[in-house]
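So you can see what is in the structure, the chains are spelled out below.
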Amino acid sequence: MDLFLQQLSNGLVIGSTYAVVAVGFALAFTVLRVIQFAHPDVFMIGMFSGMMAACIVPGGGLAVALIGGAVGSTAIGAVIERMVVAPLRGRDVLTTLIATLGVSIILQNGMAAIIGPDPIPYPRLLPTQFYEIGPVLLTLRQMFCLGLCAVLLSLASFYVRGTHIGRATRAIAERPDVAAAFGVDVSRVCRITFWLASTMAGLAAVAVGTLYGSASAFVGLLYGLKAFVCMLVAGNRYFEAVIAVALALGILEALVTGYVSSSLRDAVAFFVLIGVLYLRPDGLFGSYTT
Amino acid sequence: MSALLHIEGLAVSYGSVPAVDGVSLEIEPGELRVILGANGAGKTTIIKTIMGLLKPQRGTIRFDGEHDLLRLRPHQIHRLGIAWVPEGRQLWNTMTVLDNLRMGAFEVPDENAVNRRIGEMFERFPRLAERRHQLAGSLSGGEQQMVAIARALVSSPRLLLMDEPSLGLAPIVVRDVFMLAQEINRLGIAVLMVEQNARQSLKVAHSAYLLELGRVVEAGPAAEIAGKKSVQEVFLGGTA
């Protein structure tokens, strides 16, 4: 039972980070009809720009790293939006998929050319500290990661459900033409949404780097695929469904690690994907049609 | 007085298939004008082109004498005071009735003004007031059409484009929709309607165009068009 609760908590932490990346994917896909394959690499850039900020600013701690992460990821996200996504909007989904995949390859290998292909140690932005909560043992880093992701997801949810522009994102997701004809500047809303998704990814990336204590140019590969799986499994109609599936995936992986074998962990997501798509091709909670 | 909307030599095609082939038409301020045409005559294409959602190959569209609509994007066209009741309603089905109406006045910065306009709509359509927190997709066809019309009116437009408002509705509701179009028009809002239901729409319209295969083949006052042999054969023959 203790192992179960422990793995449940570990899974929740990892799941919350998947959720932030997956929600970024989902926002880009539902609002812009773009599969932003470079999104996980925007996350990766955020991880490194946060690291750089913490290293070059004297006495720079966690706060500086977070700002650096947010600035770096938002900047790269804005460049991708301006140069790749906006010019291709309205084209076939495959066109932007291939274009952003190209960007992804450039970012990964560009970063690998700078820092090398192997993971490098991440600055220790938080002390090694443990907290016992009943039978569960959590590190300060885990708690910070979970807390930050929870805040980011709540803000994203507030943006989509509670704000004027957020309402427009839902309107665009369901009927882009009608939204435009009712006064929504679709390009502007798409741009803002893209930036926000990138900012979120950068912030979460700093927490993830701190959590694992290492950063790699290729961190986006597996992260991105898993987040992408979360979006496909949930379907893109309900934003909250993507979060729920991401948390569930994190927990499932932790349980497999705890009870079966850690080498099977990364396969879980893809087993789930195949199973769900076989039974419900629109995802568990339904999708907007394109 | 110059026309509110003036279309000259409009040609629109989908790929190499022409949908609208050299159409010229106008609508005066305060007028209710109907474009009659069968399926595939190009009616919806004209409406979508006015709204800026389709780009024509040739032609000009001017609003209020001075605005060249072809240079504007859809949200800018809406801002000039042109509102759209799309074919098949096209509500945001996953949003509430209230949110649908709010989206109708998306660019109006004054929250109080928007709420006042929505309040007026709820007064005019009490059924919608009852259902304001229901998802638009859960309403009946007639109720959805009311939402579509109310959504277009929230922004206080000068020109209302109605694309086959009678499509898919029960006959008794169809009559209500045409009465409503007339009522809106009497408030001073110009209405350009495209329809297949010639009998009902000609009763409320001032004047009409007959569209065939992307060209205007007849134009004139509604009563005159209703008397044309071609119209009677195509649209009025025997059906109620």
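Residues numbered from 1 in each chain as written. Chains lettered and ligands numbered in written order. Predicted model: local features only at pLDDT ≥ 70, side-chain atom pairs only at ≥ 80, totals over all residues.

### Some details on the overall build of chain B
A count of helical and extended segments in chain B gives 10 helices and 10 strands. Radius of gyration (C-alpha) of chain B: 17 Å, near the 18 Å computed for a compact globule of 240 residues. Seen through its principal axes, chain B has C-alpha atoms that stretch 45 × 45 × 35 Å. Restricting the contact set of chain B to residue pairs at least 6 apart, pairs at least 24 apart contribute 66%. (Helix = DSSP H or I, 4+ residues; strand = E, 2+ residues; numbered from the N terminus. Rg over C-alpha atoms; globule rule 2.2 N^0.38 Å. Contact = placed C-beta atoms within 7 Å.)

### Comments concerning the pairing of strand β9 (residues 207-212) of chain B
All names here are of chain B. In this structure, strand β3 (residues 32-37) lies alongside β9, joined through five bridges in parallel fashion. Bridging from a neighbouring strand, R33 pairs with S207 of β9. Sheet topology note: the β9/strand β10 (residues 215-221) ladder contains six bridges and is antiparallel. Across the sheet, A208 pairs through a bridge with G220, a residue of β10. Taking the residues that link successive antiparallel strands as the turn, the β9-β10 hairpin has two residues, and the phi of L213 there is positive, at about 45°. (Pairing = 2+ DSSP bridges.)

### Considerations on helix α5 (residues 140-162) of chain A
All names here are of chain A. Taking 1.5 Å as the rise per residue, α5 with 23 residues should run 33 Å; its terminal C-alpha atoms sit 31 Å apart, in good agreement. For α5, the complete set of buried residues consists of R141, Q142, C145, L146, L148, C149, L152, L153, A156 and V160. Where α5 is buried, its residues touch α1 (2-32), β3 (136-139), α6 (164-174), α8 (186-212) and α10 (239-259). (Expected span 1.5 Å × (residues − 1). Buried ≥ 20, exposed ≤ 12 C-beta atoms within 10 Å, placed from the backbone.)

### Some thoughts on the interface of chain B and chain A
A common way to express how large an interface is: the accessible area buried when the components associate. Every contact between the two is made by 20 residues of chain B and, on the other side, 14 residues of chain A. Secondary-structure elements contributing two or more residues to the side of chain B that touches chain A are α2 (74-79) and α3 (97-104) of chain B. Considered class by class, the residues forming the side of chain B that touches chain A number nine nonpolar, seven polar and four charged. (Nonpolar A, V, L, I, M, F, W, Y, C, P; charged D, E, K, R; others polar.)

### Some thoughts on the sheet that holds β9 of chain B
All names here are of chain B. With mixed pairing, the six strands of this open sheet are ordered in space as β6-β7-β8-β3-β9-β10. Only two strands of the sheet have a single partner each, and these edge strands are β6 (82-85) and β10. If you compare each strand with its neighbour and ignore which way they point, the axes differ by 15° on average. The pairing of β6 with strand β7 (residues 159-163) spans four bridges and is parallel. Its bridge partner lying in β7, W84 is registered against L161. Across the face of the sheet, helix α1 (residues 43-50) comes into contact with β3, β6, β7, β8 (190-195) and β9 while running at roughly 145° to β7. Each of β3, β7 and β8 touches helix α7 (residues 171-186); the most contacted strand, β8, lies at about 155° to it. (Axes fitted to C-alpha atoms, helices over the stretch in contact; angles between N-to-C directions.)

### Details of the nonpolar core
One broad trend across soluble globular proteins is that nonpolar side chains are buried collectively. In terms of nonpolar packing, the biggest core is built from 170 residues, with A22, V23, A204, C230, M231 and V242 of chain A together with L161 of chain B touching the most fellow members. For this core, the element with the most residues is α1 of chain A, which contributes 16 residues. Among residues more than four places away in sequence, those in contact with V242 of chain A are A22, V23, A26, C230, M231 and A234 of chain A. (Core = buried A, V, L, I, M, F, W, Y, C linked by C-beta atoms within 7 Å.)

### A look at the packing of α6 of chain A against α8 of chain A
Residues and elements named next belong to chain A. The geometry of α6 relative to α8 is characterised by a closest axis approach of 10 Å and an angle of 110° between their N-to-C directions. The angle between α6 and α8 falls in the class roughly perpendicular. Where α6 approaches α8, its residues I165, A168, T169 and I172 are matched on the opposing element by V186, V189, I192 and T193. Of the residues in the contact of α6 with α8, the class split is six nonpolar, two polar and no charged. (Parallel < 35°, antiparallel > 145°, perpendicular 65-115°, else oblique.)

### What to know about unusual backbone geometry
Even without glycine at this site, R33 of chain A takes up a positive phi of about 55°. Among the secondary structure elements, R33 of chain A is positioned in the loop between α1 and α2 (39-56). The phi angle at D64 of chain B is positive, at roughly 60°, despite the residue not being glycine. Position of D64 of chain B relative to the elements: it lies in the loop between β4 (58-63) and β5 (67-68).

### Notes on the domain arrangement of chain B
All names here are of chain B. Domain boundaries in chain B define domain 1 (27-81 + 157-240) and domain 2 (91-156). When each unit is reduced to the centre of its C-alpha atoms, the spacing between domain 1 and domain 2 is 23 Å. Counting residues at the interface gives 13 residues for domain 1, matched by nine residues for domain 2. Of all the elements in the fold, those that place two or more residues in the side of domain 1 that touches domain 2 are α2 and α7. (Domains from an automatic or database assignment.)

### Quick notes on the sheet that holds strand β2 (residues 17-27) of chain B
All names here are of chain B. Strand order in this open sheet of four strands is β2-β1-β4-β5, and the pairing throughout is antiparallel. Looking at the sheet topology across the chains shown, the edges are occupied by β2 and β5. Relative to β5, β4 is paired through two bridges, and the arrangement is antiparallel. Bridge pairing in β5 places R62 opposite D68. Packed onto the sheet, α1 meets β1 (5-14), β2 and β4 and runs at close to 65° relative to β2.

### Some points on the environment of S9 of chain A
Residues and elements named next belong to chain A. With respect to the helices and strands, S9 occurs in helix α1. The exposure class of S9 is buried, given the 20 C-beta atoms found within 10 Å. Once residues lying within four places of it in the same chain are set aside, the contact partners of S9 are V136 and L138.

### Looking at helix α4 (residues 93-115) of chain A
Residue and element names in this part refer to chain A. With 23 residues, α4 ought to run about 33 Å at 1.5 Å a step, and its terminal C-alpha atoms sit 33 Å apart, in line with that. Every buried residue of α4 is accounted for by T96, A99, T100, V103, S104, L107, Q108 and M111. Each element contacted by the buried residues of α4 is listed here: α2, α3 (62-88) and α9 (219-234). Directly after α4, the chain includes G116, whose backbone phi takes a positive value near 95°.

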